[in-house]
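Below, each chain spelled out in residue letters.
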Amino acid sequence: GPRVREHGEALARGELADPGTFTEADALVGAPHAAVVTGHCRVAGRPVFCYAQDFTTLGGSLSAAHARKIARLQDRALAAGAPIVALCDSGGARIQDGVAALAGYSDVFQRIVNASGVVPQIAVVMGPCAGGAVYGPALMDWVFMVETEGKMFLTGPAVVAQVTGESISAEALGGTHMHAAVSGVAHFTAANDLDVLYRLRQLLALLPPSSSRNDAPPAVPSPLPIDPHVREDPALDHIVPAGADVVYDVLDVVRRVVDHGWLLEAAPAHARNVVTAFARLDGRAVGVVANQPAHLAGVLDGDASTKAARFVRFCDAFRIPVVSFVDVPGFLPGRDQEAGGIIRHGAKLLFAYAEATVPKLAVVLRKAYGGAYCVMSSSHLRGDLNLVWPTAEIAVMGAKAAVQVLHGEKASLELEAAHAEEQCNPLMALHEGYVHEVIQPRRTRARLIEELRLLEHKDPRMMPLPDVPKRHANMPL
């Protein structure tokens, strides 16, 4: 069909694949109505397996032959230890194939689960993705959506209107904005097909080909010189406001620390009170998790906890070190959060950090209060290095709240000041060895890189509290 051929031509032009490297597989399987093209190519010289669905052929619907082509591609990618990219443009199961189509979906889903944590799996929603088709992207590691074109929903507007009486557009029901900002299903968005493939190349350049191979992603060719590991930025010494409640953008901090100030932020419009992003330090890929004081004061809520937990678990699966920038006043209080399961969602983030065995470095910029201190990559969760800036406050709660609890009606500004001086600082944590070092903010980059070099060959078996043999843990989902 013309649309899938358009995707194939995009591969040939080098918009995803390196020019001339795309090779189609199983071209005659299910022809002429398979509605999917499968094959392999190279991206920045490294192998990638990919398939593209064709909406112009029977709505891109999944038939038994369609599923067989995808399943074979998945098997080959797993054997080769190479990433899988799915260009999704499908209306769902092919009704004419009956239960055989549903069996095909199940075969594909089983292989996605088998490959999870073994090779990176990325879905690019370039058109409609409806019905059972949505579970393909939902099971994968990362989801890209093309604005105005990409749509995902289990039941379309017509069925919604018939069942519930609600009249709603496809864009409002499952468009890019809804999934990028509200549901959190989409992690990256792009204006058009060309832009989405460019961003996909950026992500692939940061990821290892598989979790079983410890070779680091190659450095991306750049006209910029190497960013010196000892580079200091004096602006960091004054970037965090002294007042605990004064807003600032944590990205201003992170960009001054990572190589060339470059980040690839995942899910930037969803749960904006936490930042999850890929970057490089010393030329090597790292995952960055940072509380964002510019949104909800950086407090952790259910969505932020889930977003960060999944990011940490991805990094851990693919041997990518996690660097956390901590400025968190606690978990968001209130009836809505409690009813929405904040306990369960917060436990996901705690579990993800505790479970991770990759190098885990943390920098407390300003506040680390209460349970959120424990959760945000604390040393108690097998953190490798926990640094604090001189502005850091590590305490059960802020001075004002603590004095209210301790003194009730006798609370005063004088008592608050005394409590802040005694408790709202990193001294007790330093004396107990819970944090390891106070550093000048300008030295953050150099100190992180020094530690990452030491931990380059970290052996999880030699960690304090190594993992206990088990079938698998029971994460609070």
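Up top you'll find the structure we're talking about.
Here is a short report on the structure shown in this document.

### Structural notes on helix H3 (residues 99–115)
Stage number 1. Taking 1.5 Å per residue, 17 residues should reach 24 Å; H3 reaches 24 Å between its end C-alpha atoms and fits that length.
Stage number 2. By the burial criterion, the buried members of H3 are Ala-101, Gly-104, Tyr-105, Val-108, Phe-109, Ile-112 and Ala-115. Viewed end-on, H3 has its buried residues packed into an arc of 130 degrees, placing them on one side of the element.
Stage number 3. Residues of H3 that are buried in the fold lie against helix H2 (64–80), strand S4 (84–90), strand S5 (121–130) and helix H4 (135–139).

### Section: the nonpolar core
Stage number 1. If you look at the biggest cluster of nonpolar residues, it comprises 61 residues, and the most contacted ones within it are Val-85, Trp-142, Leu-200, Leu-203, Phe-278 and Val-289.
Stage number 2. Looking at this core element by element, the count peaks at seven residues for helix H10 (residues 302–317).
Stage number 3. In this structure, Val-289 is in contact with Val-274, Val-275, Ala-308, Phe-311, Val-312, Val-322, Val-323, Ser-324, Phe-325, Tyr-353 and Met-376, ignoring residues within four places of it in sequence.
Stage number 4. Judged by nonpolar contacts, the second largest core, of 31 residues, contains Tyr-248, Ala-279, Ala-290 and Val-363.

### Remarks on the pattern of salt bridges
Stage number 1. Applying the stated criterion across every chain, the model contains 20 salt bridges.
Stage number 2. The closest approach of N and O atoms between Lys-458 and Asp-384, which form a salt bridge, is 2.8 Å. With Lys-458 in the segment after helix H17 (444–454) and Asp-384 in the loop between helix H13 (370–375) and strand S14 (385–388), this pair connects stretches of sequence that are 74 residues apart.
Stage number 3. The partly exposed category is assigned to Asp-384, whose relative accessible area is 22%.

### So, empty space enclosed by the protein
Stage number 1. A full pass over the atoms with the stated rule returns four cavities of 30 Å³ or more.
Stage number 2. Taken as a whole, the largest cavity encloses approximately 110 Å³ of empty space.
Stage number 3. Around the largest cavity sit 15 residues that line it, and Tyr-51, Gln-53, Tyr-105, Ala-133 and Gly-136 are the ones nearest its centre.
Stage number 4. Contributing elements (two or more residues each) for the lining of the largest cavity: strand S3 (46–53), H3 and H4.
Stage number 5. By residue class, the composition of the lining of the largest cavity is twelve nonpolar, three polar and no charged.
Stage number 6. Lining the second largest cavity are Val-43, Ala-44, Arg-46, Pro-47, Val-48, Pro-83, Arg-201, Leu-204, Ala-205, Leu-207, Pro-208 and Pro-209.
Stage number 7. Elements with a contribution of two residues or more to the lining of the second largest cavity: S3 and helix H8 (193–206).
Stage number 8. For the lining of the second largest cavity, a count of residues per class yields ten nonpolar, no polar and two charged.

### A few points about the pairing of S4
Stage number 1. Most of S4 is tucked away, with seven of its seven residues classed as buried.
Stage number 2. Side chains Ile-84, Ala-86, Cys-88 and Ser-90 of S4 all project onto a buried face; the interleaved residues Val-85, Leu-87 and Asp-89 project onto the opposite face, where all are buried too.
Stage number 3. Pairing between S3 and S4: four bridges, direction parallel. By the bridge assignment for S4, Ala-52 is matched with Leu-87.
Stage number 4. Chirality of the crossover, the property in question, places the unit of S3, H2 and S4 among those that are right-handed.
Stage number 5. Where S4 meets S5, six bridges bridge the pair, whose relative direction is parallel. Residue pairing across strands places Cys-88 opposite Val-125, the latter belonging to S5.
Stage number 6. Once you follow S4 into H3 and on to S5, the crossover reads as right-handed.

### Remarks on the side chain of Thr-38
Stage number 1. In this structure, Thr-38 sits in strand S2 (residues 36–43).
Stage number 2. Look at Thr-38 and you get buried, because its relative accessible area is 0%.
Stage number 3. Contact partners of Thr-38, with chain neighbours within four places excluded, come to Phe-22, Thr-23, Glu-24, Ala-25, Cys-50, Tyr-51, Lys-69, Ile-70 and Leu-73.

### A word on the state of the cysteines
Stage number 1. Taken as a whole and assessed by the stated rule, the structure comprises zero disulfides.
Stage number 2. Free of any disulfide, Cys-50 has its nearest cysteine sulfur in Cys-41, 4.0 Å distant.
Stage number 3. Its relative accessible area of 3% is what places Cys-50 among the buried residues.
Stage number 4. Among the cysteines around Cys-129, which has no disulfide bond, Cys-88 carries the closest sulfur, lying 5.1 Å off.

### Overview of helix H9 (residues 250–257)
Stage number 1. Burial in H9 covers these residues: Val-250, Leu-251, Val-253, Val-254 and Val-257. Taken around the axis of H9, the buried residues stretch over an arc of 155 degrees, which confines them to a single face.
Stage number 2. Those residues of H9 hidden inside the fold are in contact with strand S9 (264–266), strand S10 (274–281), strand S11 (284–291), strand S12 (322–328), strand S13 (360–369) and H17.
Stage number 3. Capping the start of H9 is the job of one residue whose side-chain oxygen sits 2.9 Å from the backbone nitrogen of Leu-251: Asp-249.

About the cut-offs
Each chain carries its own residue numbering, running from 1 in the direction its sequence is written. The model is predicted, so local features are restricted to residues of pLDDT at least 70 and side-chain atom pairs to those at 80 or more, both for listing and for counting; the totals for chains, interfaces and linings are taken over all residues. Side-chain metrics in this entry use all non-hydrogen atoms of the structure; hydrogen atoms and water are not considered. Under the scheme used here, helices are H or I runs from DSSP no shorter than 4 residues and strands are E runs no shorter than 2 residues, and both carry numbers assigned from the N terminus. Under the convention used throughout, the expected extent of a helix is 1.5 Å for every residue step, that is, one less than its residue count. A simple rule labels every residue: compare its accessible area, found with a 1.4 Å probe on the protein chains alone, to the largest value its type can have, and call it buried under 20%, exposed over 50%, or partly exposed in between. Along the arc lie the directions from the helix axis toward the C-beta atoms. Throughout, a contact is declared for two residues whenever any of their heavy atoms are within 4.5 Å. In this text, buried Ala, Val, Leu, Ile, Met, Phe, Trp, Tyr and Cys residues form a nonpolar core when linked through side-chain atoms within 4.5 Å. Any Lys or Arg side-chain nitrogen located within 4 Å of an Asp or Glu carboxyl oxygen qualifies as a salt bridge. Only protein atoms enter the 1 Å grid, on which a cavity is a set of points fitting a 1.4 Å probe that cannot get out and a pocket is an open set with protein on both sides within 12 Å along at least 5 of 7 lines, lining residues being those with an atom within 4 Å of a point. Grid points are joined across faces, edges and corners, and a volume is the space filled by probe spheres set on the points. Residue polarity follows a fixed list, in which Ala, Val, Leu, Ile, Met, Phe, Trp, Tyr, Cys and Pro are nonpolar, Asp, Glu, Lys and Arg are charged, and the others, Gly among them, are polar. A pair of strands is considered paired only if DSSP assigns at least 2 bridges between the two. By definition, the crossover connecting two strands over a helix is right-handed if that path, from the first strand to the second, turns clockwise as seen with the strands pointing away from the viewer. Pairs of cysteine sulfur atoms within 2.5 Å are identified as disulfides in what follows. Here a polar contact means two N or O atoms within 3.5 Å. Within protein one must be a hydrogen donor candidate and the other an acceptor candidate, and residues neighboring in sequence count only if both atoms are side-chain atoms.

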